[in-house]
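Spelled out from the first residue to the last, the chains are:
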Amino acid sequence: MGVFILRRVGVMILTALCLTFVVFFLTNLYPALEKLAKTQGNQRMSDEAVVSYLERHGHLQPLLVKYGQWLGVVPGHVHENPETGAITARCATRGMDPSEAPRFCGLLQGDWGFSTVFKDDVSNIIAVRLGLTGKLMFWVLVVMIPSALVIGVLAGMREGSRMDRSLSTFSIASTATPEYVSGVILITLLASSAGWKIFKGTATSAADNATLENFLLPVLTISLYGVGYIARMTRASMTEVMTAQYIRTARLKGVSFRNVVLKHALRNALIAPFTVIMLQFPWLLNGVVIVETLFNYKGFGWVLVQAAGNNDISLLLACSVVAVVVVLVTQLISDIGYVFLNPRIQIS
Amino acid sequence: MEPLTWTGGLSVLDPVFLLAWVALGIAVVAQIVATFLAAEDIVEHEVSASTRKMAEYAVLGVKIIAGLILLLILVYVVGGILMPTLEAKGIVGTVSTRLLPVWIALLATFAVSIAFKRRLGLYGKLFDSMVGMIGFAIVMFWVFTAIFGAMDLIVTHDPLAQVSGMKNKVPGTALPDVEGAFPYYLLGGDNLARDVFSRVVKGAWEVVKVAPFATLFAFMVGITLGLPAAYFGGRLDTILSFVSNLILAFPVILLFYLLVTPEIVQTGIPVYMAAVLFIFPIIFMVILINSRFHVQPVKRSVYLVITLVLGLWIYSGVAWNADPLGLIEFPPNLLVVFVSVVFVNSPTVFRIVRGIALDIKTRDYVAAGQTRGEGPWYIMLWEILPNARGPLIVDFCLRIGYTTILLGTLGFFGLGLSPESPDWGSTINDGRKLLSVFPHPALAPAFSLMSLVLGLNLLADGLREESLRD
């Protein structure tokens, strides 16, 4: 088990390195840098001015060197202006004398860089916004997982029954409704003058003070898309378990149906959904970005959109690190959890 | 002029229709409760006749009321076509009249398919399953709407034309000035005073022309890489699986933002990606033909030459926009969208194909093929692939739906397509800013997208059911 986890963590780090390098490459292409220089300097910069800006900030070094600097394994860029002798150093924080700046400043030193859009340290932004998204995600999971499991178990308990068919239709409908569709419909029905105005169509105020009124719709929108998929997986796993020999034996022994479902079938039927729920996280991340944009909730997804739209390199890299780590860690947990839940599987 | 009402001359039926919906709601709740109670009784061996009877009544009630609602909808649709004037037709009737070519095409498709269903293989079997038929009907409805819409048979106005005074007007509003134009905005106007109905119909074409092909390309890539990964295993498998996991670990939206922004397009990366991704269908076809006919050199050469000439011609036009004959051209921003959607989808297809192939590889008929001396590519493409078709066809349908959702997501974030494009995602994005005041411009495309994806899901469900029955 230990070796397995170690190996998985190794692969994980390799994947994270590859992915961040891809993001690094794509955000450091020359047109993107040019746009960055123009938004930071001014829109009518001449080509020479752009080049000198990029030179001063170390954007024109070879890609691998820049990547190393960002990681913190290569000394930070220091530029000395040949005419004025002014020094700009990557590692100098604002107001610090560039000559006193530390040599290394990267991810390994805990320095995530400086956001050009929000004018703040990336680590601060990410911490605050992740907290807000964490709140959203927590309520999504609280709503989504129990309802999905209940729907799936009820539907899979008796395959082909009327309840199965109506619940399955609901799950199919929910997987067919992406967040930007269900969000629009929910807002129209429950938060517009055309419908029944009991909730708020924006969740901006939920950042400080989340109430049912401003937070229910975003939570519901994300959960609705995920519920169907998890419920279908639970149903499939439940129907499979219900046809197993030991269930039949239990029934023939005279155990009541309720006890068969609750005590014999449920535990085994919940192994597969566990993996599915864990693998759902990348999709949830997707939903979070859409819903935060739709409801104007300023969390992680909103920051990601802002960073990507303005080519804020440090912030975008940090976002991708967080996203990739979330995805990979949930994958790891799903693998390990699967082994724990299912004793038949052994890892050599 | 007076605005159109929803149902026009058939509005006498409206109270009945509303009542039927209320009754349906009550009946469904009653049915769920009653069947639940009845089922509990069977469990505890206390079959009480009254609860079971109640459950049966509830089920019957739901069926009758649902039938009534369907009948009423049919009356609205057919009656709307038969009504003489636009005012008498109402919005529903006029829309249904505009959709007349679609209804005819749908009826023709169903009549022909049901008449010959025994000779049509899996496609014919689809017409044995109710769910499959409903799904197929919805999907074909949108396909026909898209095609006839692109031929300008359905749309009432130019989807880009703005008529002053029609900004955010509710459905059925009459145009202020009716010189030669269609006198009403059937589903209202959007925030730039364009006709919502025409935009939705044109938007269907945006989806129908991209989603199936993008999915097909993703399948070609996934199959061409997934089969050898499973069959040969070893280092090839390790590398390909690692790369596909790499792409899958990327949040889709981040990937879209990185690939579709104008700065990246300027560097030409999407074109190179297109060049790599679009070569796979040619490789696939060449291997397919070569492995089949390599014992008949004449046939093989003829087929290969035809495939290569056709394939490379289309390839040069689509991927490099350098068709020597100048016949094929692919709008650059559509190419970017196409490439990113294919890129996002192919790793998942790769995983599915690899999983199925790993399973089929251990079967006896594969071993028999190997002992007969069949080449590895022949076994992969002509022994394993045909036996994997069931799950792959089902996944294909599901994946078209997923691609539709992805395209909508791209539009929703305003990526790739031009801002004026009538595709559903962009239209929803336009409409969402004023959602709490004027919901109709966003609702129409939202419901369209939902129904199309729902149709594809139901179709996949029907296909799965029927292919399992084999």
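Residues numbered from 1 in each chain as written. Chains lettered and ligands numbered in written order. Predicted model: local features only at pLDDT ≥ 70, side-chain atom pairs only at ≥ 80, totals over all residues.

1. Some thoughts on the overall build of chain A
And then number 1: Scanning chain A from N- to C-terminus turns up 14 helices and 4 strands.
And then number 2: Taking 348 residues into account, the globule formula puts the C-alpha radius of gyration at 20 Å, and chain A, at 26 Å, lies well above it.
And then number 3: Expressed as lengths along the three principal axes of its C-alpha atoms, the size of chain A is roughly 95 × 60 × 30 Å.
And then number 4: Considering chain A as a whole, with its 348 residues, one finds that 41% of them fall into the buried category.
And then number 5: In chain A, the share of contacts with a sequence separation of at least 24, taken over all contacts with a separation of at least 6, comes to 68%. (Helix = DSSP H or I, 4+ residues; strand = E, 2+ residues; numbered from the N terminus. Rg over C-alpha atoms; globule rule 2.2 N^0.38 Å. Buried ≥ 20, exposed ≤ 12 C-beta atoms within 10 Å, placed from the backbone. Contact = placed C-beta atoms within 7 Å.)

2. Focus on the overall build of chain B
And then number 1: In terms of helices and strands, chain B carries 19 helices and 2 strands.
And then number 2: Dimensions of chain B, computed from C-alpha atoms along their principal axes, come out at roughly 75 × 70 × 40 Å.
And then number 3: Burial statistics for chain B: of 470 residues in total, 43% are counted as buried.
And then number 4: Long-range pairs, those at least 24 residues apart, make up 69% of the contacts in chain B between residues at least 6 apart in sequence.

3. Notes on the packing of helix α7 (residues 179-191) of chain A against helix α12 (residues 281-295) of chain A
All names here are of chain A.
And then number 1: For the pair α7 and α12, the least separation of the axes is 9 Å and the interaxial angle reads 35°. Regarding α7 and α12, the two cross each other, and that crossing is right-handed. For the pair formed by α7 and α12, the contact residues are Glu179, Tyr180 and Gly183 on the first element and Gly287, Ile290, Val291 and Leu294 on the second.
And then number 2: Grouping the constituent residues of the contact of α7 with α12 by class yields 4 nonpolar, 2 polar and 1 charged. (Axes fitted to C-alpha atoms, helices over the stretch in contact; angles between N-to-C directions. Left-handed = near helix turned anticlockwise from the far one by under 90°. Nonpolar A, V, L, I, M, F, W, Y, C, P; charged D, E, K, R; others polar.)

4. Some points on the interface of chain B and chain A
And then number 1: Listed per partner, the contact involves 41 residues of chain B and 45 residues of chain A.
And then number 2: Contributions of two or more residues to the side of chain B that touches chain A are made by α1 (14-43), α8 (234-249), α9 (252-260), α10 (262-267), α17 (389-412), α18 (424-432) and α19 (440-468) of chain B.
And then number 3: Per-element accounting of the side of chain B that touches chain A gives the leading share, 10 residues, to α19 of chain B.
And then number 4: Broken down by class, the residue content of the side of chain B that touches chain A amounts to 28 nonpolar, 9 polar and 4 charged.

5. Let's talk about unusual backbone geometry
All names here are of chain B.
And then number 1: Backbone geometry places Asn168, a non-glycine residue, at a positive phi of 55°.
And then number 2: When you line up the elements, Asn168 lands in the loop between α6 (130-150) and β1 (173-174).
And then number 3: Here Asn168 falls in the partly exposed class, since 17 other C-beta atoms lie within 10 Å of it.

6. Some points on the nonpolar core
And then number 1: Counting 201 residues, the largest nonpolar core has Val184 and Val288 of chain A together with Leu277, Val342, Leu410 and Leu456 of chain B as the members making the most contacts within it.
And then number 2: The greatest single-element share of this core, amounting to 22 residues, is contributed by helix α7 (residues 196-232) of chain B.
And then number 3: If we skip the residues at most four places from it in the chain, Leu277 of chain B touches Phe217, Val221, Val339, Val342 and Phe343 of chain B.
And then number 4: Counting residues in each nonpolar core, the second largest holds 7 residues, with Ala20, Ala27, Val62 and Ile65 of chain B among its members. (Core = buried A, V, L, I, M, F, W, Y, C linked by C-beta atoms within 7 Å.)

7. Regarding the environment of Phe340 of chain A
And then number 1: Relative to the helices and strands, Phe340 of chain A resides in helix α14 (residues 313-341).
And then number 2: Phe340 of chain A sits 42 residues away from Lys298 of chain A along the chain, and the two C-alpha atoms are 37 Å apart.

8. A word on the packing of helix α12 (residues 279-293) of chain B against helix α16 (residues 376-387) of chain B
All names here are of chain B.
And then number 1: Interhelical geometry of α12 versus α16 gives an angle of 110° and a closest axis separation of 9 Å. Judged by the inter-axis angle, α12 sits roughly perpendicular to α16. Between α12 and α16, the residues in contact are Ile287, Leu288, Ser291 and Arg292 and Trp377, Tyr378, Leu381 and Trp382, respectively.
And then number 2: In the contact of α12 with α16, the residues fall into 6 nonpolar, 1 polar and 1 charged. (Parallel < 35°, antiparallel > 145°, perpendicular 65-115°, else oblique.)

9. Details of the confidence of the model for chain B
And then number 1: With 97% of its residues at a pLDDT of 70 or more, chain B has an overall mean of 87.
And then number 2: The complex prediction reports pTM at 0.90, with the ipTM value standing at 0.88. (pLDDT = per-residue confidence, 0-100.)

10. Looking at helix α6 (residues 162-175) of chain A
And then number 1: Between its first and last C-alpha, α6 of chain A extends 20 Å over 14 residues, near the 20 Å set by a 1.5 Å rise per residue.
And then number 2: The inward-facing, buried residues of α6 of chain A contact α5 (122-157) and α8 (212-242) of chain A together with α19 of chain B. (Expected span 1.5 Å × (residues − 1).)

11. Examining the environment of Thr267 of chain B
And then number 1: Mapped onto the secondary structure, Thr267 of chain B falls in helix α10.
And then number 2: Given 14 C-beta atoms within 10 Å, Thr267 of chain B falls into the partly exposed group.
And then number 3: Separated by 92 residues in sequence, Thr267 of chain B and Leu175 of chain B place their C-alpha atoms 46 Å apart.
And then number 4: Filtering out sequence-adjacent residues up to four positions away, Thr267 of chain B remains in contact with Leu29 and Pro31 of chain A.

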